[in-house]
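Single-letter residue listing:
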Amino acid sequence: MLNKLSKIDQVSVGDHYYLRNDDEVWYFPEYSSGKGYVHSPANQLITNLKHGVEFRTEPPSGRWYYKNVAIEKVGRALASVIGADFRNSATFVPIPPSVVRTDDSYDGRMSDVLQAFKRYGGGTHDVRDLIYQAYSTRKSHESDERVTQAELLAAYRIDEAISAPPPHTVALIDDMLT
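Bear in mind the structure is a predicted one, so any value in this text is a computation, not a measurement.

Conventions adopted
- Each chain has its residues counted from 1, running along the sequence as written.
- A pLDDT threshold of at least 70 governs which residues receive local features in this predicted model, and a stricter bar of 80 or more applies before side-chain atom pairs are shown or counted, although totals over entire chains, interfaces and linings include all residues.
- In computing side-chain values, all of the structure's heavy atoms are included and hydrogens and water are not.
- Each helix is a run of DSSP H or I of at least 4 residues and each strand a run of E of at least 2, with the numbering of both proceeding from the N terminus.
- Given a helix with a known number of residues, its expected span is that number minus one, times 1.5 Å.
- Note on contacts: a residue pair qualifies if any of its non-hydrogen atoms lie within 4.5 Å across the two residues.
- Only the contacting stretch of a helix is used when fitting its axis, a line to C-alpha atoms as for every element, and angles between N-to-C directions run 0 to 180 degrees.
- Orientation is classified from the angle alone, with under 35 degrees giving roughly parallel, over 145 giving roughly antiparallel, 65 to 115 giving roughly perpendicular, and any other angle giving oblique.
- Helix crossings are classified by the rotation of the near helix relative to the far one: an anticlockwise turn of less than a right angle makes the crossing left-handed, while a clockwise turn makes it right-handed.
- Should DSSP find at least two bridges between two strands, the strands are taken to pair.

(A) Spatial organisation of helix α4 (residues 109-121). Taking 1.5 Å as the rise per residue, α4 with 13 residues should run 18 Å; its terminal C-alpha atoms sit 18 Å apart, in good agreement. In this structure, the buried side of α4 is in contact with α1 (41-49), α2 (62-81), α3 (84-87), β3 (91-94), β4 (126-127) and β7 (170-173). G122 occupies a position one or two residues after α4 and carries a positive phi of about 65°.

Written as structure tokens, this is what we have:
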């Protein structure tokens, strides 16, 4: 499931409303929307990754434990499938969650995944939270109405404080491709 990346090609690019033919998108694994965590190992992994911060308790809840296992698993998998040349030349940027950093429900899971990727990759990877949201938007996985591209572009900001040196190649990392 996590031993290789698949590429969105000319045939499947049309399945993704906002992608253009010249976008280069790699992914693993395939999530089946609306099927629940029992449908497949991929669905279970994504479900565990998306457990909210409300499960961070003392002692740790089962869901928080499995969230952390998923973070480590995805970080390790990224490090194993992305070649060393690319790992050491690209800037890896997590896509921010739907809420602002100061919100109690902020879940920096993709930042956590990239920190695990950095640990397992054995290099000096450039991992930066260059994109943040200026205001919270609805959570697409909890709503019947998806956040539009225009809404995301309006909410996203570049963190200029950590933008130097300017990246040459950027890899945007997210948990879902819609």
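(B) A look at the packing of α2 against α4. Where α2 meets α4, the axes come as close as 7 Å, and the angle between the chain directions of the two elements is 50°. As summarised for this structure, α2 and α4 are arranged oblique, according to the angle between their axes. Note on packing geometry: the crossing formed by α2 with α4 is right-handed. Between α2 and α4, the contacting residues are K67, I71, E72, V74, G75, R76, L78 and A79 on the first element and R109, D112, V113, L114, A116, F117, R119, Y120 and G121 on the second.

(C) Examining the sheet that holds β4 more closely. With respect to topology, three strands assemble into an open sheet ordered β4-β3-β7, the strand pairing being parallel. Two strands in the sheet have a free side with no partner beyond their single neighbour: β4 and β7. As paired strands, β3 and β7 are joined by four bridges and run parallel to one another. Bridge assignment links T91 to a residue of β7, and that residue is V170. Against the sheet, α4 touches β3, β4 and β7, its axis set at about 150° to β3.

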